[in-house]
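# Breakdown of the fold
The residues making up each chain are set out below.
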Amino acid sequence: MPASTDHPRPHAHVHLGVFFQGVNHTTIWSDPASGSQIDFETFRHVAQTAERGLFDAFFLGEGLRLREQNGLLHDLDVVGRPDAITQLSALAAVTRRIGLVATQNVTYNDPVDLARRLASLDVLSGGRAAWNVVTTDNAWTGANFRRAGWLDHELRYVRAAEVVQAAQALWDGLDDEGAPVEVRYAGRTVELVATPTVPRSAQGHPVLFQAGDSPAGRDFAAAHAEVIFSRHGTHLADALEFAADVRRRTVAAGRPEDDVKILPGTQIVLADTPDEAREKARWVKEQQVTPATALSLVGQVWGEDLSHLDPDGPLPAHDPVVAAIGETRGTPRPGRDAVAVARAWRARAEEKGFSIRQLVLDQEEQRGFVGTPASVADELAHWVRSGASDGFNLTPWVVPGGLDDVVDRLVPELQERGAYRTEYEGTTLREHLGLRAPVPHRRALATAEA
Amino acid sequence: MTTSAPLHLAVELDGRGAHPGAHLVDGPPLTRAAWPDDAESGDVGPARLRRAVAAAQEAGVTFVTFDDSLTPPTTGPGLRLDAVTRAAHVAPTTSRIGLVPLVHPAVTEPFHVAAQIASLDHASRGRAGWLVGTGDVPGARAALDRPVAVGDDLRAETADVARVLAALWDSWEDDAVVRDTATGRYVDRERLHRVDFVSGGTGPTASPASRDVPDGVRAPFSVVGPLIVPRGPQGRPVVVARAGVLPGDQVDVALVGPGAADDPHLTAATLGASWVARAAQDARAAGAPRVLLDLAVVLDTADATAWERADELDGAAAPAPGSAWSSSARWTGPAAGLTELLLALRGVVDGVRLLPAVQDVDLAVVVRDVVPPLRVARAVPTPRPGATLRDTLGLERPAHQFARGA
């Protein structure tokens, strides 16, 4: 197929990852098909299903403090998940090819310890590890750690860059015979002298993922990351704009434009007919937004506990008591003008005659792709051939079985279109993603006086 | 206790062996192994690890420990993987052996230790333990860029970390996940508990501002909780520590060894007059429910006597004072003599943690020549598939420590 303006990448393959969230109301727990969120067998099922489907990566999130809303532990969503690197080290023993991505916070980890644990996972998995770099500056999370609340907001990405550079220096802290050498790193937020203990893995270094969406986050990804995990996984135009922006920033950072792979998070709902798929998507959303969750989301906008209200009744008649929407970690719209949102919601509800729950369902955007395996395969192939992304990071709405139909029905359709691998060509995550070998960072840094 | 009490066998499984010279005398040194493109062949890679743990499980060993250090030790192999990741890696490929990685309480963030060991407990279906790291970690201060407790401060720090870990492991009640569709609640927040722990210590809290604080100052820490991981199958994973490192009520398994004035070399004949019974009694009197003897073993092989091998190992790398090897009782001799010693230890201690000098040699001899006669004598327990480590050790599953709604 010749290249066209529509398909600048006519031979591109869709790369798939699976994100086992463990938090957020998008994971349905009320359905009989919903299994344990902590038993190892749940994770084994999802990881092995993804590997059967020739996915690039299995992805675990992390949050270092249980979520709260209005000062109380949030009790409506799934919660309680394993330490990512520990769990992935176990999963490495029951998988052979799939990449294993650990979300790890740079603020509340010691760089030497973190680099060592990631490198250990990389060796144990035969070169399949990745690190999703996340930052936080909030003292609320820090209250579980030795350095509570020590990092200034403006140093957030400075810290992230320094921890990444220090980790890379440690991963490179081996001489030509593989013997460890002392590594020194001195930055504004990281200062260390240490000799590593972990040999080089089959892929050299763990792959670096990053998920920030702010301009600073995008610049960080362009400068340091190899995969960016975005939110732009629903609207093609939006995804194209995001991809163009990331490529622009990547080139500005002195790298080839395709050096950063783009894997937006998304959700897929499949059924035999378009009507059934739409009906199923509506059902999924209703399961995700339970009556209690609807009240909680409204309570977040109003800044007060509204759990006593009738979810089938009207929105509160009064304006929010807070100026800006507070942050319940992981729920949307933090920082927006609470009164403006509330008034817009009331206007919409009055116009349509919506109850609280109907209004929230109306406001919850239909995420991702809904259709038959064939129609969704067409869409995904179109996305990657258009250059809107390199693939997708799927969030199943139910575990452990939520990926089964994607692997059994969607993957074969993609393969028929020549848009998906038919076997793993390589053994490492770097090879699956088509990434370059890591550049030795020794030269660039004040490190390794071997 | 009677002589019919079972003797638990545990084995230390780090690297190529527990003697710091192990990697120098048998096969190529670790640093020259051909791992770069083939982790499977690397000495510190997963293949050796899985083989060693499988052999230990097959032999009926109650638990294995994994030594560790954030930075290379002053003697011994320079290369090793993080111990928790090693233990986790073998969790899904084993079914009855306990997995007990060393984590140093002054090095790793307490909250991370709690989450990691709890996750190991879930992944292993209740076979996790924590081997409490002791002693000063060379270079830790420079590696971590914060003060690291040493000496008496380290003792206090270790007790504080053990306390906060127990609290964090209890911070989710067993039935906290309610999945109540009627009210839309996934968890009952009344069954989740803050721990609000504040450690002792007088120095500044760990922050870049503490960069100029000299090593050895104990920086206080606090943890609010609850843990991010639900309570594991064992409630609290098994805490294994050298006797005296922790208050007795914080330990599940105390490891004993010779004091400075004691002869580390033991035989079945001399055991009765030795220090072992006294050390075990002291540990029990301090509150430890189970007491295991640390026993470093160098065994005869077809090619060399144990004493010749011991001389060669000591010549290759002298064990550092205070290391696990130097702090253990010693058996140097034939397998049959070790079997007699172990049989004689029944009723004196609850078990033995073997430190095989060279894993490929000494562990192999133990499995081939020592364990079978112990089985014939019904001297060692047989862990059941699916049993938790607490079950195998005969330890109760602890109730959680928080009152409902607290």
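Our structure is the block above this text.
My aim in this report is to walk through the structure given alongside it, one point at a time. (Residues numbered from 1 in each chain as written. Chains lettered and ligands numbered in written order. Predicted model: local features only at pLDDT ≥ 70, side-chain atom pairs only at ≥ 80, totals over all residues.)

Glancing now at the pairing of strand β13 (residues 351-356) of chain B. All names here are of chain B. Taken across its six residues, β13 has six buried, putting it largely inside the fold. Of the two faces of β13, the one holding Gly351, Arg353 and Leu355 and the one holding Val352, Leu354 and Pro356 are both buried throughout. Across four bridges, the pairing between strand β1 (residues 8-12) and β13 is parallel. Paired with Ala10 across the two strands is Arg353, which belongs to β13. By the bridge criterion, six bridges tie strand β11 (residues 290-299) to β13 in an arrangement that is parallel. By the bridge assignment for β13, Leu292 is matched with Gly351. (Buried ≥ 20, exposed ≤ 12 C-beta atoms within 10 Å, placed from the backbone. Helix = DSSP H or I, 4+ residues; strand = E, 2+ residues; numbered from the N terminus. Pairing = 2+ DSSP bridges.)

Turning our eyes to something else, we now look at helix α3 (residues 83-90) of chain B. Among the eight residues that make up α3 of chain B, eight are buried, leaving the element largely enclosed by the rest of the structure. Among the residues of α3 of chain B, Ala83, Val84, Thr85, Arg86, Ala87, Ala88, His89 and Val90 of chain B are the ones counted as buried. Check the buried side of α3 of chain B and you find it contacts α2 (84-91) and α3 (111-124) of chain A together with α2 (46-58), β2 (63-66), β3 (98-103) and α4 (110-123) of chain B. (Contact = placed C-beta atoms within 7 Å.)

Attention shifts here to the environment of Ala129 of chain A. Residues and elements named next belong to chain A. Topologically, Ala129 is positioned in strand β6 (residues 129-134). For the pair formed by Ala129 and Ala377, sequence separation is 248 residues and the distance between their alpha carbons is 28 Å. Those residues in contact with Ala129 that lie beyond four places of it in its chain are Leu100, Leu118, Leu121, Asp122 and Pro206.

Looking now at the nonpolar core. If you look at the biggest cluster of nonpolar residues, it comprises 265 residues, and the most contacted ones within it are Leu100 and Phe209 of chain A together with Val64 of chain B. At 10 residues, the largest contribution of residues to this core is made by helix α5 (residues 156-171) of chain A. If near-sequence neighbours (up to four positions away) are discounted, Leu100 of chain A is found in contact with Phe58, Leu88, Leu91, Ala92, Leu121, Ser125, Arg128, Ala129 and Ala130 of chain A. (Core = buried A, V, L, I, M, F, W, Y, C linked by C-beta atoms within 7 Å.)

Turning our eyes to something else, we now look at helix α9 (residues 335-345) of chain B. Residues and elements named next belong to chain B. Taken residue by residue, α9 has Ala335, Leu338, Thr339, Leu341, Leu342 and Leu345 as its buried positions. The arc that holds the buried residues of α9, viewed along the axis, is 165°, so those residues lie on one side. Looking at the packing, one finds that the buried side of α9 touches β11, β12 (329-333), β13 and α10 (359-376). Directly after α9, the chain includes Gly347, whose backbone phi takes a positive value near 85°. (Arc of directions from axis to C-beta.)

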